[in-house]
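# Per-entry structural report
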Amino acid sequence: MTRASWRSRLGFILAAVGSAVGLGNVWRFPWLTAENGGGAFLLLYLLVIVLVGVPGLLGEFVIGRRSNRNPVGAFEQLGGRHWRALGGVALLASVVVLSFYSVVGGWILRYTAGSVTGAYFGAPQQYFAAIDYGFGAVAFHVLFLAITAGVVYAGVDRGIELATKVMVPAIVLLLGGLAAWAATLPGAGAAYGFYLTLDVAYLRANFLDVLAASAGQALFTLSVGAGVMLTYASYLGEDRSLAADGTIIATLNTGIGVLAGLVIFPVLFSLGVAPGSGGPGALFISLAGAFAELPYSRLVGTVFFGVVALAALSSSISIFEVLVAYLVDEHEATRSNATAVVAGLFLVTGSVAAMVPSLFTLLADTIANLALTAGLLGFLLFAGWVLGSKALAEYESGAGPLARLVSVPWLYAVAIVLPLFLAFSLLSGIAAVLGVTLGFELLAAAAVVGVAGCIAIIRGPTAVL
Ligand code: PFF
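Keep in mind that this is a model prediction, so the values were computed, not measured.

Conventions used here
- Residues numbered from 1 in each chain as written.
- Predicted model: local features only at pLDDT ≥ 70, side-chain atom pairs only at ≥ 80, totals over all residues.
- Heavy atoms only, no water.
- Helix = DSSP H or I, 4+ residues; strand = E, 2+ residues; numbered from the N terminus.
- Rg over C-alpha atoms; globule rule 2.2 N^0.38 Å.
- Buried < 20%, exposed > 50% of the residue type's maximum accessible area, 1.4 Å probe, protein only.
- Contact = heavy atoms within 4.5 Å.
- Areas by Shrake-Rupley, 256 points an atom, 1.4 Å probe, with all protein chains shown as cover.
- Near = heavy atom within 4 Å.
- Polar contact = N/O pair within 3.5 Å; in protein donor to acceptor, adjacent residues only side chain to side chain.
- Salt bridge = Lys/Arg side-chain N within 4 Å of Asp/Glu carboxyl O.
- Core = buried A, V, L, I, M, F, W, Y, C linked by side-chain atoms within 4.5 Å.
- Phe/Tyr/Trp six-rings, centres within 6.5 Å; stacked < 30°, edge-to-face > 60°.
- Lys NZ or Arg CZ within 6 Å of the ring centre and 35° of its normal.
- Expected span 1.5 Å × (residues − 1).
- Bend = angle between axes of the 7 residues up to and from the residue.
- Axes fitted to C-alpha atoms, helices over the stretch in contact; angles between N-to-C directions.
- Parallel < 35°, antiparallel > 145°, perpendicular 65-115°, else oblique.
- Left-handed = near helix turned anticlockwise from the far one by under 90°.
- Nonpolar A, V, L, I, M, F, W, Y, C, P; charged D, E, K, R; others polar.

## Concerning the overall build of the protein chain
For the protein chain, the helix and strand inventory stands at 21 helices and zero strands. Here the protein chain has a C-alpha radius of gyration of 21 Å; the compact-globule value for 465 residues is 23 Å, and the two agree. Taking all 465 residues of the protein chain together, 57% fall into the buried category. Pairs at least 24 residues apart make up 83% of the contacts formed inside the protein chain by residues separated by at least 6 positions. As displayed, the protein chain offers around 17,400 Å² of accessible surface, 70% of which is attributable to carbon and sulfur atoms.

## A word on the site of the ligand
The local shell around the ligand holds 14 residues, among which Ala20, Gly24, Tyr101, Phe220 and Ser223 are the closest. Separating a nitrogen atom of the ligand from a backbone N or O atom of Ser19 is a distance of 3.2 Å. A distance of 2.9 Å separates an oxygen atom of the ligand from a polar backbone atom of Ala20. Where the shell around the ligand is concerned, the elements lending two or more residues are helix 1 (9-20), helix 2 (23-35), helix 11 (207-222) and helix 15 (297-331).

## With respect to the pattern of salt bridges
If the charged atoms of two oppositely charged side chains come close together, the side chains can form a pair. Under the defined criterion, the tally for this structure stands at twelve salt bridges. Residues Arg84 and Glu76 are paired through a salt bridge, measuring 2.4 Å at the closest nitrogen-oxygen approach. Overall, Arg84 belongs to the partly exposed group, its relative accessible area being 21%. Two residues, Glu161 and Lys165, come together in a salt bridge whose shortest N-O distance is 3.9 Å. Here the residue Glu161 and the residue Lys165 both occupy positions in helix 8 (residues 156-183), the gap between them amounting to four residues, near one helical turn. Classification of Glu161 by relative accessible area gives buried; the value is 2%. Overall, Lys165 belongs to the partly exposed group, its relative accessible area being 33%. Among the charged side chains, a salt-bridge network with shared partners connects Arg65, Arg66, Glu238 and Glu394.

## Quick notes on the nonpolar core
Grouped together as the largest cluster of nonpolar side chains are 174 residues, with contacts concentrated most on Ile63, Phe100, Phe284, Phe304, Phe305 and Phe320. Ranked by the residues each element gives to this core, the list is headed by helix 15, at 19 residues. Not counting residues up to four positions away in its chain, the partners in contact with Phe100 are Trp27, Phe220, Phe360, Leu363, Ala364 and Ala368.

## Some thoughts on the side chain of Thr373
Position of Thr373 among the secondary structure elements: in helix 17 (residues 357-387). With near-sequence residues (within four places) excluded, Thr373 lies in contact with Leu219, Leu422, Ser425 and Leu426.

## Thoughts on the packing of aromatic side chains
Under the definition given, this model contains 38 aromatic pairs. Between the aromatic rings of Phe100 and Phe220, the centroid separation amounts to 6.4 Å while the plane-to-plane angle is 20°, which identifies the pairing as stacked. Taken as a pair, Phe100 in helix 5 (residues 84-117) and Phe220 in helix 11 lie far apart in primary sequence, 120 residues in all. As far as burial versus exposure is concerned, Phe100 and Phe220 are alike and both buried. Above the plane of the ring of Phe220 lies Arg28, whose end atom (NZ or CZ) is 4.4 Å from the centre.

## Thoughts on the side chain of Gln217
Relative to the helices and strands, Gln217 is located in helix 11. The exposure class assigned to Gln217 is buried, which follows from its relative accessible area of 0%. Ignoring sequence-local partners within four residues, the contact set of Gln217 consists of Gly24, Arg28, Phe29, Leu32, Phe41 and Tyr45.

## As for unusual backbone geometry
The backbone of Asn68 sits at a positive phi, close to 50°, despite the residue not being glycine. Note that Asn68 resides in the loop between helix 3 (39-67) and helix 4 (71-79). Judged by its relative accessible area of 30%, Asn68 is partly exposed. Unlike most non-glycine residues, Ser223 shows phi in positive territory, near 55°.

## Considerations on helix 2
In a regular helix each residue adds 1.5 Å, so 13 residues correspond to 18 Å; helix 2 covers 17 Å between its end C-alpha atoms and thus fits that length. At Phe29, helix 2 shows its maximal bend, which comes to roughly 35°, and the proline Pro30 appears one to four places after that position. Buried residues of helix 2: Leu23, Gly24, Asn25, Val26, Trp27, Arg28, Phe29, Pro30, Trp31, Leu32, Thr33 and Ala34, and no others. One or two positions beyond helix 2, positive phi appears at Gly37, with a value near 85°.

## Topic: the environment of Ala139
Among the secondary structure elements, Ala139 is positioned in helix 7 (residues 135-154). Taking relative accessible area as the criterion, Ala139 reaches 43% and is therefore assigned partly exposed. Along the backbone, Ala139 and Val103 are 36 residues apart, and their C-alpha atoms lie at a distance of 9.4 Å.

## A closer look at the packing of helix 13 (residues 242-270) against helix 14 (residues 282-293)
Two numbers describe a pair of packed helices, the interaxial angle and the distance between the axes. In contact at an axis separation of 9 Å, helix 13 and helix 14 are set at 70° when each is read in the N-to-C sense. The angle between helix 13 and helix 14 falls in the class roughly perpendicular. Helix 13 and helix 14 meet at a crossing whose hand is left-handed. Only Leu283, Ser286, Leu287, Ala290 and Phe291 of helix 14 make contact with helix 13, whose side of the interface consists of Ile264, Val267 and Leu268. Classifying every residue of the contact of helix 13 with helix 14 by side-chain character gives seven nonpolar, one polar and no charged.

## Observations concerning the packing of helix 16 (residues 335-355) against helix 17
Relative orientation of the contacting elements helix 16 and helix 17 amounts to 115°, with a least axis distance of 5 Å. With respect to helix 17, the element helix 16 is oriented roughly perpendicular. Residues Val352, Ala353 and Met355 of helix 16 lie in contact with helix 17, whose contacting residues are Pro357, Leu359, Phe360 and Leu363. Tallied by class, residues from the contact of helix 16 with helix 17 come to seven nonpolar, no polar and no charged.

This is the structure:
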């Protein structure tokens, strides 16, 4: 059986952008920005995207294209059988993310329909409290999952590529239209001020917290750490510049995130709603409530939640595809059987998340970040210390002169600098879960020891000395 592949460069880029652009941009990014001081968060987030997100994304691309395999098969093929476990971490991260993501996807579908009928307009807070968990949430999660499975079942080129080629341009156009409309609202000036001005004092006082939040969000929004980008790159030929494609993908993703903020903050400010309030429910309570008060509320609400539904779907199909690719490559399943098995799995895990709020929050807030960080840390140590010069050759294959200029610094970043950064955030995340506060120095020392230990295990003690 010949392995699936993308039909065109644009198809790959749009599919990867579709994966990156999702609830992370429209739901998670605005509330994290609001919670972490507006412009202060935006600045660090942009820095982390450029310095960690993009090189990390390229690490996944290199492993995927070099092996032409799903995560488990990729690490086995490139490193030997004992590396399969690292692919297992990626599969696990995919399960964690889609289990809660599909529940939020269900909420979005429900709000799209609710905008047409005006269901939530009267009492947005009570409406959200009534639908967020329970059997209704399960039903909409199942609907969201069914659409996702349908696209994946249709195949890489005929399903995912075709769907994202329509979805991504639609998202940009509709969001652009909404941003233009939002600019006419009375609170727009104040909103841009909050969003785009940097509060240096705030940043100084809360640097570590803002850094941790922006690092987690940078990985989440670029879909790295769960093997999604690795799998998408495994359907690529050798003739493309991974660095150029990765830069385009990250730029479009960030642009769309910022654009979403240009819609959301003016709407909130126009009604005097404090953007920091509401947490994860902000989108559904404050924003939906704001729509209800504004002119053309049904139209605006439907377009907005429709856009978010498209964005969420183009991300969920990418996570679903990781597990399907694993079953097709490693267990010789047909695509239809693999799709059915994966759908069955998420039917269970997503339904449990939709019934048990504390589990949902644990997955969405904490475990997802930890799993993606651990996944990417493993991938990069592998690329840097197991592949080494082969990673460099893969990066350079198809690369233009500009991308080649930074190929060696990229490898050093992937082998040393990024693992230190990721180990630091992983440890501080774990410490936060355990409820212990470790100082910056202690965390940094533990990160150095941990990374050096990993390198010593991979390459022998002499590699570290
Ligand atoms: N990048 C997606 C978003 O921003 O909504 C979410 C996501 C997709 C996270 C795939 C992780 C992943 F592997």
